[in-house]
Amino acid sequence: MSVDLSTMSHEELSALIQAAGEQQKRKLREKIGEVRRKLTAAAKEEGYTIEELFGFSKGTEISRKKVEPKYRNTANPDETWSGRGKRPRWMEAAIATGKKQEDFKI
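Each residue is numbered by its place in its chain's sequence as written, counting from 1. Predicted model: local features are reported for residues with pLDDT of at least 70 only, side-chain atom pairs are reported and counted for 80 or more only, and whole-chain, interface and lining totals are derived from all residues. Working from all heavy atoms in the structure, the side-chain values ignore hydrogens and water.

Draft legend 1. How the structure looks around the overall build of the protein. Secondary structure is summarised from DSSP: a helix means a run of H or I of at least four residues, a strand means a run of E of at least two, and numbering begins at the N terminus for each. The secondary structure content of the protein amounts to three helices and two strands. Taken from N to C terminus, the helices and strands of the protein fall in the order α-α-β-β-α. C-alpha atoms define the radius of gyration, and 2.2 Å times the number of residues to the power 0.38 defines the globule rule. For 106 residues, the compact-globule formula gives about 13 Å, and the C-alpha radius of gyration of the protein, at 26 Å, lies well above that figure. The classification of residues rests on relative accessible area computed with a 1.4 Å probe and restricted to protein chains. Under 20% of the type maximum is buried, over 50% is exposed, and intermediate values are partly exposed. Relative to its 106 residues, the protein shows a buried fraction of 11%. Residues are treated as being in contact if the distance between any of their heavy atoms lies within 4.5 Å. Sequence separation of at least 24 residues holds for 23% of the intrachain contacts in the protein that already meet a minimum separation of 6. The method behind every accessible area is Shrake-Rupley, applied with a 1.4 Å probe, and residues are considered shielded solely by the protein chains displayed. Summed over all atoms, the accessible surface of the protein reaches about 9,600 Å², with 53% contributed by carbon and sulfur. Within the protein, the 17 negative side-chain charges are centred at a point lying 5 Å from the centre of the 22 positive side-chain charges. By the counting scheme adopted, Arg and Lys are positive, Glu and Asp are negative, and His together with the chain ends is not counted. Positions of charges follow a simple convention, taking NZ of Lys, CZ of Arg, CG of Asp or CD of Glu.

Draft legend 2. View of the packing of aromatic side chains. Note on aromatic contacts: the rings of Phe and Tyr and the six-membered ring of Trp form a pair at centre separations within 6.5 Å, being stacked when their planes are under 30 degrees apart, edge-to-face when over 60 apart, and tilted otherwise. Scanning all chains against the criterion turns up two aromatic pairs. Geometrically, the ring pair formed by W90 and F104 is edge-to-face, given 5.6 Å between the ring centres and 75° between the ring planes. Here W90, found in helix α3 (residues 89–96), pairs with F104, found in the segment after α3; they are 14 residues apart in sequence, far enough to count as distant. Taking the relative accessible area as the measure of exposure, W90 reaches 14% and is therefore buried.

Draft legend 3. Representation of the environment of I17. Turning to its location among the elements, I17 is positioned in helix α1 (residues 10–45). Overall, the relative accessible area of 63% leaves I17 in the exposed class. In the structure, I17 is positioned 38 residues away from G55 in sequence and 39 Å away in space, judged by C-alpha atoms.

Draft legend 4. Broad picture of the side chain of N73. The topology assignment puts N73 in the loop between β1 (71–72) and β2 (80–81). For N73, a relative accessible area of 9% puts it in the buried group. Within the structure, N73 has its side chain in polar contact with the backbone nitrogen of A75 (distance 3.0 Å). Those residues within four positions of N73 in sequence are excluded, and the remaining contacts are E79, W90 and F104. N or O atoms closer than or at 3.5 Å make up a polar contact, with two conditions inside protein: a donor-capable atom paired with an acceptor-capable one, and, for residues adjacent in sequence, both atoms drawn from side chains.

Draft legend 5. Broad picture of α3. All of the buried residues along α3 are W90, M91 and A94. For α3, the arc enclosing every buried residue in end-on projection is 95°, short of the 170-degree limit, so these residues lie on one face. The exposed set on the far side of α3, more than 90 degrees from its buried face, consists of R89 and A96. Residues of α3 that are buried in the fold lie against β1 and β2. Just downstream of α3 lies G98, where phi reads positive at about 115°. The directions from the helix axis to the C-beta atoms form the arc being described.

Draft legend 6. Molecular detail of the nonpolar core. Residues enter a nonpolar core if they are buried and are Ala, Val, Leu, Ile, Met, Phe, Trp, Tyr or Cys, with the set joined through side-chain atoms within 4.5 Å. Membership of the largest hydrophobic core is limited to six residues, which are Y71, W81, W90, M91, A94 and F104. In this structure, W81 is in contact with P69, K70, Y71, K86, R87, P88, W90, M91 and Q101, ignoring residues within four places of it in sequence.

As C-alpha coordinates, then:
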(Lines give C-alpha, C1' and ligand atoms only; values in the text may rest on other atoms or scores of the structure.)
Protein backbone atom coordinates (compact mmCIF):
# COMPACT_ATOMS: atom_id res chain seq x y z
CA MET A 1 0.00 0.00 0.00
CA SER A 2 1.48 3.28 -1.09
CA VAL A 3 0.04 6.66 -0.13
CA ASP A 4 1.34 9.89 -1.65
CA LEU A 5 1.51 12.13 1.42
CA SER A 6 2.70 15.16 -0.52
CA THR A 7 -0.69 15.57 -2.23
CA MET A 8 -2.73 15.38 0.99
CA SER A 9 -4.09 18.43 2.79
CA HIS A 10 -3.42 19.15 6.44
CA GLU A 11 -6.89 17.87 7.39
CA GLU A 12 -6.43 14.66 5.37
CA LEU A 13 -3.04 14.06 7.00
CA SER A 14 -4.53 14.62 10.46
CA ALA A 15 -7.34 12.17 9.72
CA LEU A 16 -4.85 9.63 8.40
CA ILE A 17 -2.66 9.96 11.49
CA GLN A 18 -5.67 9.56 13.79
CA ALA A 19 -6.94 6.51 11.88
CA ALA A 20 -3.45 4.97 11.91
CA GLY A 21 -3.15 5.52 15.66
CA GLU A 22 -6.51 3.87 16.30
CA GLN A 23 -5.59 0.93 14.07
CA GLN A 24 -2.26 0.59 15.89
CA LYS A 25 -4.07 0.42 19.25
CA ARG A 26 -6.49 -2.20 17.90
CA LYS A 27 -3.61 -4.34 16.61
CA LEU A 28 -1.83 -4.10 19.96
CA ARG A 29 -4.99 -5.10 21.87
CA GLU A 30 -5.47 -8.06 19.51
CA LYS A 31 -1.86 -9.19 20.03
CA ILE A 32 -2.14 -8.84 23.82
CA GLY A 33 -5.40 -10.81 23.75
CA GLU A 34 -3.76 -13.54 21.68
CA VAL A 35 -0.85 -13.84 24.13
CA ARG A 36 -3.27 -13.81 27.08
CA ARG A 37 -5.29 -16.64 25.50
CA LYS A 38 -2.13 -18.68 24.87
CA LEU A 39 -0.92 -18.21 28.45
CA THR A 40 -4.32 -19.11 29.88
CA ALA A 41 -4.53 -22.22 27.70
CA ALA A 42 -1.00 -23.31 28.62
CA ALA A 43 -1.72 -22.83 32.32
CA LYS A 44 -5.01 -24.71 32.06
CA GLU A 45 -3.31 -27.56 30.17
CA GLU A 46 -0.91 -27.95 33.11
CA GLY A 47 -3.74 -27.74 35.65
CA TYR A 48 -3.20 -24.18 36.88
CA THR A 49 -4.93 -20.86 36.66
CA ILE A 50 -3.27 -17.56 35.83
CA GLU A 51 -4.07 -16.36 39.37
CA GLU A 52 -2.22 -19.37 40.85
CA LEU A 53 0.82 -18.76 38.68
CA PHE A 54 1.12 -15.00 39.00
CA GLY A 55 -0.58 -14.38 42.35
CA PHE A 56 -3.20 -11.87 41.22
CA SER A 57 -6.22 -11.64 39.00
CA LYS A 58 -7.43 -9.06 36.53
CA GLY A 59 -8.61 -5.96 38.37
CA THR A 60 -6.67 -6.76 41.54
CA GLU A 61 -4.56 -3.88 42.73
CA ILE A 62 -1.02 -4.58 43.80
CA SER A 63 -0.60 -3.42 47.38
CA ARG A 64 1.98 -0.75 48.01
CA LYS A 65 3.75 0.16 51.19
CA LYS A 66 2.43 3.34 52.73
CA VAL A 67 5.01 6.12 52.79
CA GLU A 68 5.67 7.66 56.19
CA PRO A 69 5.02 11.41 56.50
CA LYS A 70 8.03 13.73 56.47
CA TYR A 71 6.24 17.02 57.14
CA ARG A 72 3.57 18.04 59.66
CA ASN A 73 1.39 21.13 59.79
CA THR A 74 2.28 22.96 63.01
CA ALA A 75 -1.16 24.59 63.11
CA ASN A 76 -2.98 21.26 62.73
CA PRO A 77 -0.86 18.20 63.64
CA ASP A 78 -3.37 15.87 61.92
CA GLU A 79 -2.26 17.22 58.54
CA THR A 80 0.88 15.55 57.22
CA TRP A 81 2.67 15.17 53.91
CA SER A 82 5.09 12.49 52.72
CA GLY A 83 7.01 14.88 50.49
CA ARG A 84 5.77 13.12 47.36
CA GLY A 85 3.50 14.66 44.79
CA LYS A 86 2.09 18.14 44.86
CA ARG A 87 2.52 20.19 48.05
CA PRO A 88 -0.61 20.33 50.18
CA ARG A 89 -2.54 23.58 50.42
CA TRP A 90 -1.66 24.14 54.06
CA MET A 91 2.04 24.08 53.20
CA GLU A 92 1.61 26.32 50.15
CA ALA A 93 -0.23 28.85 52.32
CA ALA A 94 2.47 28.77 55.01
CA ILE A 95 5.27 29.16 52.45
CA ALA A 96 3.43 32.14 50.96
CA THR A 97 3.59 33.79 54.41
CA GLY A 98 7.38 33.40 54.52
CA LYS A 99 7.93 30.03 56.18
CA LYS A 100 10.22 27.40 54.67
CA GLN A 101 9.42 23.80 53.87
CA GLU A 102 12.11 22.66 56.31
CA ASP A 103 10.15 24.34 59.16
CA PHE A 104 7.59 21.51 58.92
CA LYS A 105 10.03 18.60 58.94
CA ILE A 106 9.10 15.88 61.40
